[in-house]
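# Residue-level structure breakdown
Residues per chain are reported as follows:
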Amino acid sequence: MRAHEIRPAIVDLVFAGEGKVELDMSLILEAALAEIGAEHGDTDDSPNAQRYDQFRLMDETDLATEFARFEARFLNGVTLTADGAVVPLAVGTVDLDPVGDVDFARLSRLQLTGNLPPNAQNVVFSFDPAFGPSVVRVPDAQGEYSYSAYLENGGTSEPIPVEGGLTMSAGQVFWDYIGIGFTHIVPKGLDHILFVVGLFLLSPKLKPLLIQITSFTVAHSVTLALAMLGIISAPSSIVEPLIAASIVFIAVENLMTTRLSPWRPFVVFGFGLLHGLGFAGVLTEFGLSPAHFVSGLIGFNVGVEVGQLAVVAACYALFGAWFSDRSWYRARVTMPMSLAIAAVAVWWFIERTGMIA
């Protein structure tokens, strides 16, 4: 998980018995403290980015002190109602990791506790969008998740029965995860966007472009499924730099050749396998239950594909439709844009491998 990428707060709603309720939260606490809202996919896009970077460098003791100052504001932004009545919440435990590698975001764990009114039937959760997006999940006795909902812009969850029994249909999960997959590309997946733009620049003709996009999609779908099933895994400290390197390769190849080589779709397929592992890091956090695995996985892949096609459509509308057949297209569009993409990706590779502080 890259340091500047916003990930949703994951909230497990646990009914502990005797009227007690617990909210076990895993989140990028520094982003919440800096109030980098759900409208941002990257902390650098926020006017509060400097505050976030300052919090990120703090050790766990100083970060705990900052959270203690912020606690009342945070609790005001976490709302749980039971049958329409607000449930007062208090901070139970705060578990913060040491600073570690500052190139990657640090996840913190909080537990909020409260007491439900007598005979409460349903609860509704919401999270202040000023703290970012959230996912609320309800674990069952076996540790699986019977319910999982993505609340992107501070919306409220469905009424969740205290006694259990709420499940989402396969159709609901499918549509929800289309949105998650799409937003992971547009606007949050700048590295994936640049990869697709790089594919477009060499040959904006529809047939070879669709061959490459399809190859990429099939490949990342395979590794995403295998990673979600626990068959393969790779740490983000390896995957993320390699994703940056794949963008460099595509951009440099654009600079060195004037035509699409027969083996490029196979190279793109290999890079797609790599990008699928990056997608898996996102999707794993959402806690898909076995019953929803297939519909959620398909929905996410559909969303990613629609996001990629949206990028292609934007490229075509902005310059492909107007200039791709001009004699100067390569010199004035392909070359400078590929050079810029390569420069950005090289910077990402250096940053993600820890070559710079």
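One structure accompanies this document, and this report is about it. (Residues numbered from 1 in each chain as written. Predicted model: local features only at pLDDT ≥ 70, side-chain atom pairs only at ≥ 80, totals over all residues. Heavy atoms only, no water.)

## Focus: the packing of aromatic side chains
A complete count under the given rule lists 13 aromatic pairs for this structure. Measuring from ring centre to ring centre gives 5.6 Å for F67 and F74, while their planes differ by 70 degrees; the resulting arrangement is edge-to-face. Here F74 falls in the buried class, since its relative accessible area comes to 0%. One aromatic cluster is present, built from ring pairs that chain together F67, F70, F74, F125, F127 and F131. (Phe/Tyr/Trp six-rings, centres within 6.5 Å; stacked < 30°, edge-to-face > 60°. Buried < 20%, exposed > 50% of the residue type's maximum accessible area, 1.4 Å probe, protein only.)

## Concerning a nonpolar patch on the surface
A surface patch of nonpolar side chains, amounting to about 300 Å² of accessible area, comprises V294, I298, V302 and V306. With respect to the helices, strands and loops of the structure, V306 is situated in helix α9 (residues 293-323). Using a relative accessible area of 40% as the deciding quantity, one classes V306 as partly exposed. (Patch = residues over 30% accessible without salt bridge, like charges linked within 9 Å, V, L, I, M, F, W, Y side chains within 5 Å. Areas by Shrake-Rupley, 256 points an atom, 1.4 Å probe, with all protein chains shown as cover. Salt bridge = Lys/Arg side-chain N within 4 Å of Asp/Glu carboxyl O. Helix = DSSP H or I, 4+ residues; strand = E, 2+ residues; numbered from the N terminus.)

## Quick look at the packing of helix α5 (residues 190-202) against helix α7 (residues 236-256)
The contact between α5 and α7 brings their axes to 9 Å, and the two run at 20 degrees. Viewed along their axes, α5 and α7 adopt a mutual orientation that is roughly parallel. As α5 packs across α7, the resulting crossing turns out to be left-handed. Of α7, the residues touching α5 (which contributes D191, H192, L194, F195, G198, L199, L201 and L202) are E240, I243, S246, I247, I250 and N254. Here the residues of the contact of α5 with α7 are counted per class, giving 8 nonpolar, 4 polar and 2 charged. (Axes fitted to C-alpha atoms, helices over the stretch in contact; angles between N-to-C directions. Parallel < 35°, antiparallel > 145°, perpendicular 65-115°, else oblique. Left-handed = near helix turned anticlockwise from the far one by under 90°. Contact = heavy atoms within 4.5 Å. Nonpolar A, V, L, I, M, F, W, Y, C, P; charged D, E, K, R; others polar.)

## Some points on the nonpolar core
Residues L13, L23, M25, F74, L80 and F125 are the most contacted members of the largest nonpolar core, which totals 94 residues. In this structure, L13 is in contact with V21, E22, L23, L80, V123, V136, R137, V138, P139 and I160, ignoring residues within four places of it in sequence. (Core = buried A, V, L, I, M, F, W, Y, C linked by side-chain atoms within 4.5 Å.)

## Points about the sheet that holds strand β6 (residues 108-115)
If you trace the 6 strands from one edge of the open sheet to the other, you get β5-β6-β2-β1-β8-β9, paired in mixed fashion. Every interior strand has two partners, whereas the edge strands, β5 (89-95) and β9 (145-151), have only one. Direction aside, neighbouring strands of the sheet carry axes that sit 20 degrees apart on average. Across 5 bridges, the pairing between β5 and β6 is antiparallel. Bridging across to β6, V94 finds its partner in L110. Here helix α3 (residues 60-77) sits on the sheet and contacts β2 (20-27), β5 and β6; the angle it forms with β5, its principal contact strand, is near 155 degrees. (Pairing = 2+ DSSP bridges.)

Distances and angles like these do not, on their own, reveal function.
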